[in-house]
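One-letter residues, chain by chain:
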Protein chains: 2
Amino acid sequence: MHLDRLDLRILDCLQNDGSITNQALASKVGLSPSASLKRVRRLRESGIIEREVVLLAPEKLGPTLHMVVEVIMERDHKALYQRFLKQAQAAPEVKQCYQVTGEVDFVLIVIVADMERYELFCDRVLYADPNMRKFRTLISRKRDKFDTRVTLPDE
Amino acid sequence: MHLDRLDLRILDCLQNDGSITNQALASKVGLSPSASLKRVRRLRESGIIEREVVLLAPEKLGPTLHMVVEVIMERDHKALYQRFLKQAQAAPEVKQCYQVTGEVDFVLIVIVADMERYELFCDRVLYADPNMRKFRTLISRKRDKFDTRVTLPDE
DNA sequence: CGTGAAATATGTATCGT
DNA sequence: ACGATACATATTTCACG
């Protein structure tokens, strides 16, 4: 799908503020509301706009630990990787999962309220996988930056 | 700030779909539109609702590499850490930054279009810091999960 | 917190380029 | 194919009970 300058400006606005009204968006990018609306719909349908969400401040909702978990698997078998991925997808504690190259196989970003819940998570998801060889946990007391925006192409 | 069951239900809905109309939200949680609106405003003002955004599919916008970068600093000085954090905050390639405990000091999630831009980033942000001792890059060809939702307290 | 009415916004049909 | 205008529908927002 081709994106022109107007589409990119629309995406830029929406990435920064998803609650902007269609009218305000239209005037910002220099279109009529109906033309703007058509483009936003097209961007949604194409999947470039994946979803619209509200971001919450985790630490204002209670105790919060952010864990960066590096997982090393026993054997490089696709089917075994798939099983692990499926568990990671299903686990609500896992907020992000990256499959990486090198010594480590997966990196997870996990959010839990406390250590006890983290240990429960490890038992349920990590130790439960027979192909999991070992993992290392980096404990974060602070998420200093969290930016969901993507750098858009110049044109 | 105290959150009751209704607030939590509102947050749950909005985390899943920020584009829901206030009317639909109100009927979902069992309130009148005006009561719902007042609560949403209060949640915004309190900072629990941080922002509302549209999430884009990075890979549909062009080539995308996700890097997990583990950074080790030379000395544990707060002022020197602050300087690094400031640079990480300012760098558009850095989407997330976690200060962690243990052998590693910071973990960054970096998004770039290609290796060339990653190297430019390393020069500009990592090597440029005299207190940066070394770093390790885990390259991800795939972001398998990305969930911005937070687990809400039971009550 | 709910109701109802005024102010805004959205969505669609139609026309013009 | 794309955008503008205008109109009908839906939603937001606020004063008041």
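Here, the structure is the one placed above.
The structure reproduced in this document is the subject of the present report.

Rules behind the numbers
- Residues numbered from 1 in each chain as written.
- Chains lettered and ligands numbered in written order.
- Predicted model: local features only at pLDDT ≥ 70, side-chain atom pairs only at ≥ 80, totals over all residues.
- Heavy atoms only, no water.
- Phe/Tyr/Trp six-rings, centres within 6.5 Å; stacked < 30°, edge-to-face > 60°.
- Helix = DSSP H or I, 4+ residues; strand = E, 2+ residues; numbered from the N terminus.
- Buried < 20%, exposed > 50% of the residue type's maximum accessible area, 1.4 Å probe, protein only.
- Contact = heavy atoms within 4.5 Å.
- Buried area = accessible area lost by both parts, 1.4 Å probe.
- Salt bridge = Lys/Arg side-chain N within 4 Å of Asp/Glu carboxyl O.
- Polar contact = N/O pair within 3.5 Å; in protein donor to acceptor, adjacent residues only side chain to side chain.
- Nonpolar A, V, L, I, M, F, W, Y, C, P; charged D, E, K, R; others polar.
- Pairing = 2+ DSSP bridges.

**Things to note about the packing of aromatic side chains**
With the rule as written, the count across this model stands at nine aromatic pairs over all chains. Relative to B:Phe106, the ring of B:Tyr81 lies with its centre 5.2 Å away and its plane at 55°, an arrangement referred to as tilted. Here B:Tyr81, found in helix 4 (residues 78–90), pairs with B:Phe106, found in strand 4 (residues 106–112); they are 25 residues apart in sequence, far enough to count as distant. A relative accessible area of 0% places B:Phe106 in the buried class. Of the aromatic side chains, those joined through ring pairs into one cluster are A:Tyr81, A:Phe84 and A:Phe106.

**Considerations on the interface of chain A and chain B**
Interface size is commonly expressed as the accessible area that is lost once the parts come together. Every contact between the two is made by 63 residues of chain A and, on the other side, 63 residues of chain B. Roughly 6000 Å² of surface becomes buried between chain A and chain B when both sides are summed, with 54% attributable to carbon and sulfur atoms. Connecting chain A to chain B are four salt bridges. The partner of B:Arg136 in a salt bridge is A:Glu70, with the nearest N and O atoms 3.1 Å apart. Between the two partners, chain A and chain B, sit 43 residue pairs in polar contact (both at pLDDT 80 or more). Only helix 1 (5–16), strand 1 (49–56), strand 2 (65–73), helix 4 (78–90), strand 3 (94–101), strand 4 (106–112) and strand 5 (132–146) of chain A provide two or more residues apiece to the side of chain A that touches chain B. By residue class, the composition of the side of chain A that touches chain B is 31 nonpolar, 14 polar and 18 charged. Where strand 3 of chain A lies against strand 5 (residues 132–146) of chain B, six bridges are found, and the strand directions are antiparallel. By the bridge assignment for strand 5 of chain B, A:Gln96 is matched with B:Phe146.

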